[in-house]
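# Survey of secondary and tertiary structure
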Amino acid sequence: MSIQQFANQFVCDLVAYEPGKPITETARELGLDPEAIVKVASNENPLGPAPMALDAIRNAATEMHIYPDGGGYKLRTALAEKYDLGLENVVLGNGSNEIIELLCHCFLNPEAELIAAEHAFVVYKLMATLFGAGYVEVPDPNFVHDLDAMADAITDKTRLVFIANPNNPTGTIVGEEAIERFMARVPDHVVVVFDEAYFEFLHDAPDTLKYVREGRNVVVLRTFSKAYGLAGLRIGYGLAAPQVAAILQKARQPFNTNEVAQRAALASLEDTAHVKATVDNNSEGLAFYEAAFQERGMNYVPSVANFILVEVGDGDAVFDGMLKQGVIVRAMRGYKLPGWVRISVGTAEENQRCLEVLDAVLAN
Ligand SMILES: Cc1ncc(COP(=O)(O)O)c(C=O)c1O
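Please read these numbers as outputs of a predicted model, since none were measured by experiment. (Residues numbered from 1 in each chain as written. Predicted model: local features only at pLDDT ≥ 70, side-chain atom pairs only at ≥ 80, totals over all residues. Heavy atoms only, no water.)

### Details of the pairing of strand E5 (residues 158-164)
So the rule is basically this: In this scheme, a residue with accessible area under 20% of its type's maximum is buried, one over 50% is exposed, and one in between is partly exposed, where area comes from a 1.4 Å probe on protein chains only. A helix here means a DSSP run of H or I that spans at least four residues, while a strand means a run of E at least two residues long, and both kinds are numbered starting from the N terminus. Two strands qualify as a pair provided DSSP detects at least 2 bridges between them.
Within E5, six of the seven residues are buried, which leaves the element mostly enclosed by the surrounding structure. Here three bridges tie strand E3 (residues 113-117) to E5, and the two strands are oriented parallel to one another. Looking across to E5, one finds that leucine 114 is bridged to leucine 160. Of the pairings in the sheet, the one linking E5 to strand E6 (residues 191-195) comprises five bridges and is parallel in character.

See the structure below:
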C-alpha cells in the first residue's frame, strides 16, 4: 500500500515548478568556480539589491529574535502612499508568488476555473492543479495575450483570470485599450489579476490601478524581486479593492513576510537611483540582444521586461551546452516551447559573455 493513494490525486499528479538552476548547484555538478558562472535564468537584478536596502538588512540583523510585524504596517503604509491608496488596499506576500497562491486558496475549488493565456507564467497552472480546479488556457497568437478571447472564455465557473503584463516568459504586454474592452465584459463573480512583476521596467505602463480605485474585483500584483533586486528575501504585494484584500488577508500565515524583507523593501522604495540604474541597464541589455539576434537572423520575441525569448533550434541542447561553459539560461520545454531559451538581461559584461557562449554552442 502506498501513501500516495491517500494523498489528493491532483497534488500527486503535479509536475513541480522547475526554477532556474542555482549557481552553487551548477558549480558543484560541473566542478566550476561559482565566481565564474553567469546566471541569466531567473530574471533577477544583475546590479544586486539597492545600497539603501543593504543598510536596512544589516541594521535589522540584531533584532532577529523578535517576530516580524505580521501586519507589515510600515511597508503597507509606504506602498499605500506611493500609489495613493489606503492601507486596506495593500496585501504583502512572501514574494508575489504567495499572493498568487492566496488567491487560489480563496477562490478556487474543484468546481471552479482559472483562465490564463497559453504561454502564461507557469505558476498559474501549477496552482490551479494544486487546488483541483479547472485550468482554461486561451491561445495567444504571436505570444500576446488575446484578451477578447479570454473574455469569451469566462463562464459561471470562472473565478480567476490571470493577465501577466508583461508576461513571463514572452516579455509581451497588452495595452490599455484591450484591457478596457476586457474589463467592460468581466462579470462580478470573477477576480481579474494583473500580474505586474516587471512593472518598473515599463516605459508606458497601462493604468490598472484605476480598477482597484473603482472598487472592481481586481488585484494588481507587484514584487521587490525584479527591479528592486530582493528576490532572495521573498517579498511582493497585491493592491486590491478592500473587499478582495480582506479575503486574502484571512488566508495568509500570521507572519508570512519576514522583518528583514519588510525593512529592505521599505528602504528600496526610497532608493530611486538604484531602480533607475537598473532600468537603464535593462534597456541597454535588451537593445544589445535585439541587435545581436537581428544580425544573426535569429527569431526572437521583442520584450518590454528584463528577459528575452529567442529561438535556438533545440532549447534543451543549447541550455546544456551553455551550462557546461558556465552560463545558465532557461530552457523553455516546460512552456511548450522546446526550440527556445529565455535569457535574462545581465550586466553589459554578462550579456557579452552569454552571447559569445550562445554563438559557440550554436556553431557546434
Ligand atoms: C509573471 C511573474 N509573476 C510572479 C512572479 C513571482 O515573483 P516573486 O514571487 O519573486 O515576487 C514571477 C517570477 O518570476 C513572474 O515572472
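Let's pick the thread back up.
### A short note on the pattern of salt bridges
Condition: A carboxyl oxygen of Asp or Glu within 4 Å of a side-chain nitrogen of Lys or Arg is what we treat as a salt bridge.
Tallied over the entire structure, the rule returns 16 salt bridges. For glutamate 137, the salt bridge goes to lysine 125, with nearest N and O atoms at 3.5 Å. Taken as a pair, glutamate 137 in strand E4 (residues 134-138) and lysine 125 in helix H6 (residues 123-130) lie far apart in primary sequence, twelve residues in all. By relative accessible area, which is 35% here, lysine 125 ends up partly exposed. Between aspartate 359 and arginine 296 there is a salt bridge, with the nearest N and O atoms lying 2.7 Å from each other. Here aspartate 359 is found in helix H14 (residues 348-363), whereas its partner arginine 296 is found in the loop between helix H12 (272-295) and strand E9 (300-301), with 63 residues between them in sequence.

### Some thoughts on the sheet that holds E5
Note the following rule: The angle between two axes is taken between their N-to-C directions and runs from 0 to 180 degrees, where each axis is a line fitted to C-alpha atoms and a helix contributes only its stretch in contact. Two residues form a contact once any of their heavy atoms are found within 4.5 Å.
The strand order across the open sheet built from seven strands is E2-E8-E7-E6-E5-E3-E4, with neighbouring strands paired in mixed fashion. Either end of the sheet is taken by a strand with one partner, and the two such strands are strand E2 (90-93) and E4. Between one strand and the next, the sheet's axes are offset by a mean angle of 20°, whatever the strand orientation. Relative to strand E8 (residues 236-240), strand E7 (residues 218-223) runs antiparallel, the two sharing five bridges. If you follow arginine 222 over to E8, its bridge partner there is tyrosine 237. Packing of helix H4 (residues 73-82) onto the sheet brings it into contact with E2 and E8, and relative to E2 it is tilted by some 130°. Sitting on the sheet, helix H10 (residues 242-251) is in contact with E2, E7 and E8, with an inclination near 30° to E2.

### Regarding the site of the ligand
Just so we agree on the cut-off: Nearness here has a simple test: a residue counts as near a molecule or strand if at least one of its heavy atoms is within 4 Å of that partner. Definition of a polar contact: a pair of N or O atoms within 3.5 Å, with one able to donate and the other able to accept a hydrogen when the atoms are protein atoms, and with sequence-neighbouring residues admitted only if both atoms are side-chain atoms.
Close to the ligand lie Gly95, Ser96, Asn97, Phe121, Asn168, Asp195, Ala197, Tyr198, Thr223, Ser225, Lys226 and Arg234, which account for all nearby residues. Between a nitrogen atom of the ligand and a side-chain N or O atom of aspartate 195, the distance comes to 2.6 Å. Here an oxygen atom of the ligand sits 2.6 Å away from a polar atom, N or O, in the side chain of tyrosine 198.

### Some remarks on the environment of alanine 227
Summarising the element assignment, alanine 227 is placed in the loop between E7 and E8. Taking the C-alpha atoms as reference, alanine 227 lies 6.1 Å from asparagine 45; in sequence the two are 182 residues apart. When sequence neighbours within four positions are dropped, the list of residues in contact with alanine 227 reads Asn45, Glu200, Phe201 and Thr278.

### What to know about the pairing of E4
What counts, and what does not: Crossover handedness is defined by viewing with both strands directed away from the observer: a clockwise path from the first strand over the helix to the second marks the crossover as right-handed.
Where E3 and E4 come together, five bridges link them in parallel fashion. Note that in E4 the partner of alanine 116 across the bridge is glutamate 137. Note on the crossover from E3 through H6 to E4: the handedness is right-handed.

### What to know about the domain arrangement of the protein
As a reminder, the rule being used: Where each domain starts and ends comes from a domain assignment, either automatic or drawn from a database. The term buried area denotes the loss of accessible surface (1.4 Å probe radius) that occurs when two parts are joined, taken as the sum for both partners. Residue classes follow a fixed rule: Ala, Val, Leu, Ile, Met, Phe, Trp, Tyr, Cys and Pro count as nonpolar, while Asp, Glu, Lys and Arg count as charged, and any other residue, Gly among them, counts as polar.
By the assigned domains, the protein splits into domain 1 (12-41 + 273-363) and domain 2 (51-270). Spacing between the C-alpha centres of domain 1 and domain 2 amounts to 25 Å. Taken together, the contacts link 24 residues of domain 1 with 27 residues of domain 2. When domain 1 packs against domain 2, close to 2200 Å² is buried across both sides, 70% of that on carbon and sulfur atoms. Among the residues of domain 1 in contact with domain 2, Leu14, Val304 and Tyr335 are the three that bury the most area, contributing 26% of the side total. Between lysine 336 and glutamate 137 there is a salt bridge, with the nearest N and O atoms lying 2.6 Å from each other. For the pair domain 1 and domain 2, the interface holds five residue pairs in polar contact (both at pLDDT 80 or more). Listed by contribution, the elements that provide at least two residues to the side of domain 1 that touches domain 2 are H12, strand E10 (307-311) and strand E13 (340-344). Considering each element in turn, the side of domain 1 that touches domain 2 owes the most residues, six residues, to H12. Among the residues forming the side of domain 1 that touches domain 2, the class breakdown is 16 nonpolar, six polar and two charged.

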